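A structural walkthrough
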Amino acid sequence: MFNNNLQLKGYVLSLISVFTAANTYFSSKYILGFITVFQFGILWYGFGLIYNSSAIVISGKYKTLFFLPKKTYFVLSIFAILEIIATTAFFKAIKLVENPAIVSFLGNISPALVVVLGILLLKEKFNTLEKIGILIALIGAFLVSFKWTLNIDKLFVAGSEYVLISAIAVSINVIIAKKNINQIKPELLSITRVFALFVFSVIAIFTLNQNFTFPPQALIIAMYGAFVGPFLGAYAQYTALKYISASKVMIIQASKSFVILIFAFVLLGLWPIWIQVVGGVLTVSGIVLVTLNKKKN
């Protein structure tokens with residue numbers, strides 16, 4: 001009974017992370033309609049830094065969290081750079097792609113890429129069914145990004161290249177986190193991410209001579225969205241891993257594409273063409289095949 005209660009807690013936390021992820025897509029889409037990506041970064045990750053720092057201070061974890069070997073700080077630096085690339089590209093895609101569900105479906109290739117990188121870098125072994133799942137996920141991502149036109153210049157959905165860049169950077173960071181998770185705690189990964197993105201956004205604002213004025217509605221939504229996303233969502237996702245397997249967390253989180261698709265229809269009146277829906281289903285199905293089969297093995 002005790003173990004069942006812990007597993008139930010893990011499932012609930014995973015579902016919470018799904019809805020916080022969906023919230024991020026729509027909150028950021030709304031804010032990016034008023035301001036630039038780097039202005040958004042200052043608001044979103046500025047508030048995220050406040051929330052994460054407050055939690056670390058209140059919990060008292062700051063006393064031990066930052067005592068790490070010098071080599072580990074180098075790893076954190078690489079992690080931060082990749083997060084800057086991944087997140088900037090992601091929100092650039094959110095700004096460019098009309099329907100956030102398309103970005104979500106494309107982003108689902110990250111787990112498949114993690115599997116590929118695991119084979120190449122961590123020497124992990126995968127059987128035939130797992131390889132088929134990877135192929136299905138990649139085919140699905142192609143169908144989602146394909147615009148189905150004979151005009152070569154407009155062949156792919158505008159912004160899909162940024163999702164691919166983001167997915168590759170995220171996948172590499174998952175491998176880095178996996179190899180160093182015993183030394184680098186989730187709280188440290190989270191605050192490193194928001195700090196790096198906030199500093200990068202400030203530098204970019206000065207470099208590009210963009211202003212620091214923000215519409216009141218963007219400020220309010222960012223205050224809310226940063227709490228739900230970079231703070232609450234990250235906590236739910238990392239804590240879920242304490243109670244259920246990573247494979248189960250991945251399966252549950254893959255469902256966020258369908259949640260976002262429904263929200264996009266209800267809130268924005270947007271619906272992808274049928275072939276893109278098929279692509280999204282294939283992407284999620286491929287991921288489920290890989291993760292379920294991996295768990296079985």
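The structure this text deals with has already been given above.
This structure is a prediction, so every number in the text was calculated from the model and none was measured. (Residues numbered from 1 in each chain as written. Predicted model: local features only at pLDDT ≥ 70, side-chain atom pairs only at ≥ 80, totals over all residues. Heavy atoms only, no water.)

A closer look at the overall build of the protein chain
Looking only at helices and strands, the protein chain features 13 helices and zero strands. Beginning at the N terminus, the succession of helices and strands in the protein chain can be written as α-α-α-α-α-α-α-α-α-α-α-α-α. Counting across all 297 residues of the protein chain, residues that qualify as buried make up 48%. When contacts within the protein chain are restricted to residue pairs at least 6 apart in sequence, those whose partners lie at least 24 apart make up 86%. For the protein chain, the exposed area adds up to about 15200 Å²; of that, 71% sits on carbon and sulfur atoms. (Helix = DSSP H or I, 4+ residues; strand = E, 2+ residues; numbered from the N terminus. Buried < 20%, exposed > 50% of the residue type's maximum accessible area, 1.4 Å probe, protein only. Contact = heavy atoms within 4.5 Å. Areas by Shrake-Rupley, 256 points an atom, 1.4 Å probe, with all protein chains shown as cover.)

Concerning the environment of Ala218
Assignment of secondary structure puts Ala218 in helix α10 (residues 216–240). In this structure Ala218 comes out as buried when scored by relative accessible area, which is 0%. With 186 residues separating them along the chain, Ala218 and Leu32 place their C-alpha atoms 8.4 Å apart. Among all residues touching Ala218, those that are not within four sequence positions of it are Ile31 and Leu43.

Here we look at the nonpolar core
Counting 48 residues, the largest nonpolar core has Tyr25, Ile31, Phe40, Phe91, Ile94, Val103 and Leu188 as the members making the most contacts within it. When contributions to this core are tallied by element, the ones reaching two or more residues are α1 (2–31), α2 (37–59), α4 (70–96), α8 (160–180), α9 (186–207), α10 and α12 (256–268). With eleven residues, α4 is the single largest residue contributor to this core. If sequence neighbours within four positions are ignored, Val103 has contacts with Tyr25, Phe90, Ala93, Ile94, Val97 and Val163. (Core = buried A, V, L, I, M, F, W, Y, C linked by side-chain atoms within 4.5 Å.)

Regarding the side chain of Thr24
Positionally, Thr24 belongs in helix α1. Owing to a relative accessible area of 14%, Thr24 belongs among the buried residues under this scheme. Those residues in contact with Thr24 that lie beyond four places of it in its chain are Trp44, Phe91 and Gly229.

Looking at unusual backbone geometry
Even without being a glycine, Asn209 presents a positive backbone phi close to 55 degrees. With respect to the secondary-structure elements, Asn209 resides in the loop between α9 and α10. Asn209 gets classed as exposed once you look at its relative accessible area, which sits at 70%.

Looking at a nonpolar patch on the surface
Nonpolar side chains collect at one region of the surface, where Leu8, Val12, Ile16, Phe227 and Leu232 lie side by side and expose about 390 Å² of accessible area between them. For the nonpolar patch, the secondary-structure elements that each account for two or more residues are α1 and α10. For the nonpolar patch, the element with the highest residue contribution is α1, accounting for three residues. Residue placement: Val12 occurs in helix α1. (Patch = residues over 30% accessible without salt bridge, like charges linked within 9 Å, V, L, I, M, F, W, Y side chains within 5 Å. Salt bridge = Lys/Arg side-chain N within 4 Å of Asp/Glu carboxyl O.)

With respect to the side chain of Gln39
If you trace the backbone, Gln39 turns up in helix α2. Engagement of the side chain of Gln39 in a polar contact is seen with the backbone oxygen of Asn211, the distance being 2.9 Å. Setting aside anything within four residues of it in sequence, one finds Gln39 in contact with Ile205, Gln210, Asn211, Thr213 and Phe214. (Polar contact = N/O pair within 3.5 Å; in protein donor to acceptor, adjacent residues only side chain to side chain.)

Overview of empty space enclosed by the protein
Scanning the model with the defined rule gives two cavities of 30 Å³ or more in all. There is about 70 Å³ of room inside the largest cavity. Lining the largest cavity are Val37, Phe38, Phe40, Gly41, Tyr45, Thr87, Thr88, Phe91, Leu197, Phe200 and Ser201. For the lining of the largest cavity, the element with the highest residue contribution is α2, accounting for five residues. Tallied by class, the residues present in the lining of the largest cavity amount to seven nonpolar, four polar and no charged. (1 Å grid on protein atoms, 1.4 Å probe; cavity = no way out; pocket = protein on both sides within 12 Å on 5 of 7 lines; lining within 4 Å. Points joined across faces, edges and corners; volume = space filled by probe spheres on them. Nonpolar A, V, L, I, M, F, W, Y, C, P; charged D, E, K, R; others polar.)

Describing the packing of α9 against α10
At a minimum axis distance of 11 Å, the contact between α9 and α10 shows a crossing angle of 150 degrees. The pairing of α9 with α10 is recorded here as roughly antiparallel in orientation. Pair α9 / α10 crosses with right-handed handedness. Mapping the contact onto sequence places Pro186, Leu189, Ser190 and Val194 in α9 and Pro230, Ala234 and Tyr238 in α10. A class-by-class count of the residues in the contact of α9 with α10 yields six nonpolar, one polar and no charged. (Axes fitted to C-alpha atoms, helices over the stretch in contact; angles between N-to-C directions. Parallel < 35°, antiparallel > 145°, perpendicular 65-115°, else oblique. Left-handed = near helix turned anticlockwise from the far one by under 90°.)

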